[in-house]
Amino acid sequence: MSASLKKSLLLSFLISFQLSGQIIGKVTDTFGEAIPSVNIFIKDTYTGTTTNNNGEYVLNVRETGEYTVVFQYLGFETQTKTIHPARFPFELNVTLSEEVTSLNEVIITKSEDPAYRIIRETIKNQNSNLNRFDAYTADFYSRGLWKLSDLPDKILGQEVGDLEGAIDTVTRSGIIYLSETISEIAYEKPNNFKERIIASRVSENDNGFSFKNVLSASLSFYENTMNFNAPIVSPIATNALNYYRYKLEGIFYEGSKLINKIEVIPRRPKDNVWEGYLYIVEDDWQLYGVDLNTTGDALQIPFVDELFIKQNFQYDSEIQAWVRTLQTIDFKFKFLVIKGDGKFIAQYSNYNFNPEFRKQTFTNELLSFEPNANKKDSLYWNQIRPVPLTTEEIEDYIKKDSIATVRNSKTYLDSTDAVENKFHVTDVLFGYTYRNSYEKWSLGYESPLMHISFNTVQGTKGKAGVFYQKSFDENRTNYIYSKVMADYGMAEGRLRFEGEIIRNYNFTNRMRWRLSGGSRVQQFNRNNPISNLLNSITSLYFERNYMKLYELNYASAEYGQEVINGLHLSASVAYENRKPLFNNSEQVIIRNKNAEYTSNNPWVPEIFGIPPFSDHDVIRSTLNARIVFNQKYFSNPEMKMNLGNSKLPIFNLGVENGIGIDSKTYDFTHFKIGANQTISIGNKGRFIYNLNAGTFVADDYISPTDYKHFNGNQTRIGTHSDYINVFNLLPYYEFSTKNTYFEGHFEHNFKGWILGKIPGINLLNWNLVAGGHLLATERKPYSEVSIGFDNVGFGQFRMLRIDYVHSFYANQNKGAFIFGLKFLQVFN
């Protein structure tokens, strides 16, 4: 450690301990080991704190006098100390003894463990516990920490380095993320909530905002489930006895209150459940404490090994309720050779259960930041921080803040750019970017090697181009981006150019415009239902050229922004010249005896040389609205994070208009409406639906490029995590229409609710998925049903999905397996 860093650390400690009104100390066990996350508070108040990982604490009080300090930690006996500090800081060190429980007062029967009676009584009081508080305000403090340990020097042959100073070069360990927030929260029954962050700090980022908040930390075991990536069933859910066994470990007293310590035991392995201990207050049937853990398999987060959660509750005699004051979440993670651990602390204090709210207290803005919340200095934090930093955390702040100051300087940025901007021979193959980090601009080119693909129109083709980006703010939310790309097909022998300019103004109302133009080959379905990679494979190895293309020469202008909260409008206008294209290549790598290439006309695939349309020109315009009623959101001075509204669907309205330049035959107006929603059904999984309908006002001979095309799939390969916008057995263009249509997609992911209960199969940790799809046009209705498995894979690699899909149309019934390769969605 450098001399300057030692001085900074000493200064930080002196500042912390010289402030008036502080009780400081350390909490250890009987062996002298520090105890982290001890709940410490002044008796009969909500003035409290907790110990850090070194067992150290700082308890802020207003003046000298008599104080009764309570030290509470699950698994240890609660201690109460009465002190009379005459001056500050006042040192109070405490040793806690392990909890002693007894079964002497418990009546044991052979028929059932006494724990079941306690659990049933607590479940019976679930609603009253959930709705106990009509309203309150409180102060909230959170801290998040991620650490890496034993990081290799190289990963896949590439030097890892010190991750910009985060990793100790000797131990290969260190803090990679550290942040804190202090906020004021308000709640009113049934669903009104507001949090205002008054201070936010992120290590190494003096402009950073931390979005750790009360809502993300509010894990209530009175709810039936807690939703992580998968819903985890609470040990006191209404159906908890189907998931858990219980054992009464013993009882102890907290004052006059009898506390039951109950062991929670999962009934089945790999189920979405907890294990550990609950502490329940006799007769009150409320939680005194929670000490539970679960696994990454249960959470369905592959890189998490284990997750531990502790909650402490404090009794309020005025409202006769046990109130949560502290929650800690610890976890261990590992991905390949990268491993580490993390911790999140959430502390609640200064509750007021009789607040007076104004009419405008609660809005759709759930989280906001005070001006300059991220600009508070170290002196401010040392005065207000309720949980002291450890030496390691202090060192991380000082080191990284110093590093950030240096690394934001022009001298440093220019020097690193000089190294990064050196041109290497391999850059010809993989692309190159020249950066001026201080001026916040970059210039580069994209290599054709990264864009090689095949289609029967162009043959083997490649794309290359140059780009430029300039940012106008520190967080790069206000920027301009431009790019020019060249596309060349070897069999076609045609070079096309295309360019665009994008101007993005902010991440609050997301105002942006885009100008683009040039020439490109375009799929008839502009949703691009088949990717270049997948089409290349099906064409070259299976002789099935599903991608159908035409030439689009165009000039376009687009604009979009969120006009008011929950209403996003976008509009575009374009001149388009459309030309038919024909196959120019019969190249294959493996000849398929049962198939051969079809023509580039999707409606006459067996006959070559017939164009699907004639050359024509149109003026095409669109106007679209995305509506989320009563949309909730988070905001800070630089961005707005929309959360949607889980109780209502998202609505999409649109109108697309075409005006033929050469002939009114190509005139059309296409009206569209859609709705989609994701509904959580607790431990029974997640249900998603997506509905779309539309109609045309058009001539009978409008261009097929303007038809409504539906996302089909003839490859038997799925490339999305869910199938709510695709028909997996539908030919790509068989049902394209210029008339009225309706399509509906429905999918339910049971998230372990069914498979998790089947012995043997539950060890796989797969999810059962069922779906239904309906398409109605001027033809007879088309439908699909599917059943399959998601979260398929091994260990940390679960990027597969397998479905059996059966289609119904007229008298035709077809069935096939669809193999979902979710990692391919990046190529779509």
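Residues numbered from 1 in each chain as written. Predicted model: local features only at pLDDT ≥ 70, side-chain atom pairs only at ≥ 80, totals over all residues. Heavy atoms only, no water.

Caption draft 1: Molecular detail of the overall build of the chain. Along the chain, the regular secondary structure elements total 10 helices and 44 strands. Against the globule reference of 28 Å for 828 residues, the chain gives a C-alpha radius of gyration of 31 Å, in line with a compact fold. In terms of overall dimensions, the chain has C-alpha extents of about 95 × 70 × 55 Å along its principal axes. Counting the 828 residues in the chain, one finds 49% classified as buried. Taking the contacts inside the chain whose residues are at least 6 apart along the sequence as the reference set, 61% of them involve residues at least 24 apart. Just so you have it, the chain exposes about 39,400 Å², and 55% of that area is on carbon and sulfur atoms. (Helix = DSSP H or I, 4+ residues; strand = E, 2+ residues; numbered from the N terminus. Rg over C-alpha atoms; globule rule 2.2 N^0.38 Å. Buried < 20%, exposed > 50% of the residue type's maximum accessible area, 1.4 Å probe, protein only. Contact = heavy atoms within 4.5 Å. Areas by Shrake-Rupley, 256 points an atom, 1.4 Å probe, with all protein chains shown as cover.)

Caption draft 2: Region of the structure containing empty space enclosed by the protein. Per the counting criterion, the structure on display carries 5 cavities of 30 Å³ or more. Taken as a whole, the largest cavity holds about 60 Å³ of empty space. Looking at the lining of the largest cavity, the elements that each hand over two or more residues are strand 9 (135-149) and strand 22 (338-352). When residues of the lining of the largest cavity are assigned to their parent elements, the largest contribution, 3 residues, is made by strand 22. (1 Å grid on protein atoms, 1.4 Å probe; cavity = no way out; pocket = protein on both sides within 12 Å on 5 of 7 lines; lining within 4 Å. Points joined across faces, edges and corners; volume = space filled by probe spheres on them.)

Caption draft 3: Region of interest: the sheet that holds strand 2 (residues 39-42). Taking strand neighbours across the sheet as the criterion, the 4 strands line up as 3-2-5-6 in an open arrangement whose pairing is antiparallel. Each edge of the open sheet carries a strand with a single partner, namely strand 3 (48-50) and strand 6 (79-83). Pairwise comparison of adjacent strand axes, ignoring direction, gives a mean angle of 20° for this sheet. Where strand 5 (residues 67-72) lies against strand 6, 5 bridges are found, and the strand directions are antiparallel. Residue pairing in the sheet places Tyr 67 in a bridge with Ile 83 of strand 6. (Pairing = 2+ DSSP bridges. Axes fitted to C-alpha atoms, helices over the stretch in contact; angles between N-to-C directions.)

Caption draft 4: Spatial organisation of unusual backbone geometry. In this structure, the amide linkage connecting Phe 88 to the following residue, Pro 89, adopts the cis form with an omega of 0°. With respect to the secondary-structure elements, Pro 89 resides in the loop between strand 6 and strand 7 (90-91). Each neighbour pair has its own omega, and for Lys 189 with Pro 190 the value is 5°, a cis peptide bond. Assignment of secondary structure puts Pro 190 in the loop between strand 12 (174-188) and strand 13 (192-202). Even without a glycine there, the phi angle at Asn 372 is positive, about 65°. Note on placement: Asn 372 falls in the loop between strand 23 (365-369) and helix 6 (378-384). Using a relative accessible area of 52% as the deciding quantity, one classes Asn 372 as exposed. We note that Ala 810 has phi near 55°; this positive angle belongs to a residue other than glycine.

Caption draft 5: The arrangement of the nonpolar core in detail. Core analysis: the biggest nonpolar cluster contains 48 residues, and Phe 221, Tyr 244, Tyr 246, Trp 274, Leu 278 and Leu 287 have the highest contact counts within it. Counting residues per element, this core draws most heavily on helix 2 (residues 115-124), which supplies 5 residues. With sequence-adjacent residues up to four places away left out, Leu 278 is seen in contact with Ile 119, Pro 235, Ile 236, Asn 260, Lys 261, Ile 262, Val 264, Leu 287, Gly 289, Val 290 and Leu 292. Grouped together as the second largest cluster of nonpolar side chains are 19 residues, Ile 35, Tyr 57, Tyr 73 and Ile 83 included. (Core = buried A, V, L, I, M, F, W, Y, C linked by side-chain atoms within 4.5 Å.)

Caption draft 6: Structural view of the pairing of strand 32 (residues 567-580). For strand 31 (residues 549-564) and strand 32, the ladder comprises 14 bridges, and the chain directions are antiparallel. Directly across from Glu 551, in strand 32, lies its bridge partner Lys 579. Linking two consecutive strands that pair antiparallel, namely strand 31 and strand 32, is a turn of 2 residues; a positive phi of about 90° is found at Gly 566 within it. The pairing of strand 32 with strand 33 (residues 616-627) spans 12 bridges and is classified as antiparallel.

Caption draft 7: The arrangement of the environment of Ser 37 in detail. Along the chain, Ser 37 turns up in the loop between strand 1 (22-29) and strand 2. On a C-alpha basis, the gap between Ser 37 and Ala 404 in space is 30 Å, while along the polypeptide they are 367 residues apart. Not counting chain neighbours up to four residues away, the residues in contact with Ser 37 comprise Thr 50, Thr 51, Asn 52, Tyr 73, Leu 326, Thr 328 and Lys 343. A polar contact of 3.2 Å, which involves the side chain of Ser 37, links it to the side chain of Lys 343. (Polar contact = N/O pair within 3.5 Å; in protein donor to acceptor, adjacent residues only side chain to side chain.)

Caption draft 8: Highlighting the environment of Arg 496. Here Arg 496 lies in strand 29 (residues 494-504). You can call Arg 496 buried: its relative accessible area is 2%. Remark: the alpha-carbon pair of Arg 496 and Ala 230, spanning 266 residues in sequence, is separated by 47 Å. Dropping the residues within four chain positions of it, Arg 496 is found in contact with Gln 458, Met 485, Ala 486, Asp 487, Ser 519, Arg 520, Val 521, Glu 551 and Leu 581.

Caption draft 9: Broad picture of the environment of Asp 427. Structurally, the position occupied by Asp 427 is in helix 9 (residues 427-430). For Asp 427, a relative accessible area of 14% translates into the label buried. A C-alpha to C-alpha distance of 34 Å links Asp 427 and Thr 171, two positions 256 residues apart in sequence. Setting aside anything within four residues of it in sequence, one finds Asp 427 in contact with Lys 422, Tyr 432 and Tyr 445. Looking at Asp 427, its side chain comes within polar contact range of the main-chain nitrogen of His 424, at 2.9 Å.

Caption draft 10: Highlighting the pairing of strand 38 (residues 686-698). Relative to strand 38, strand 37 (residues 668-680) runs antiparallel, the two sharing 13 bridges. Looking at strand 38, one finds that Phe 671 is bridged to Thr 695. Where strand 37 folds back on strand 38, the antiparallel hairpin that results is connected by 5 residues, among which Gly 682 adopts a positive phi of roughly 60°. Where strand 38 and strand 40 (residues 741-749) come together, 9 bridges link them in antiparallel fashion. Directly across from Gly 694, in strand 40, lies its bridge partner Tyr 741.

Caption draft 11: Layout of a nonpolar patch on the surface. The grouping of Phe 423, Val 428, Leu 429, Phe 430, Leu 449, Met 450 and Ile 452 at the surface amounts to a nonpolar patch, some 700 Å² of accessible area in total. One can find Leu 449 in the loop between strand 25 (441-446) and strand 26 (453-455). On the accessibility criterion, Leu 449 (40% relative accessible area) is partly exposed. (Patch = residues over 30% accessible without salt bridge, like charges linked within 9 Å, V, L, I, M, F, W, Y side chains within 5 Å. Salt bridge = Lys/Arg side-chain N within 4 Å of Asp/Glu carboxyl O.)

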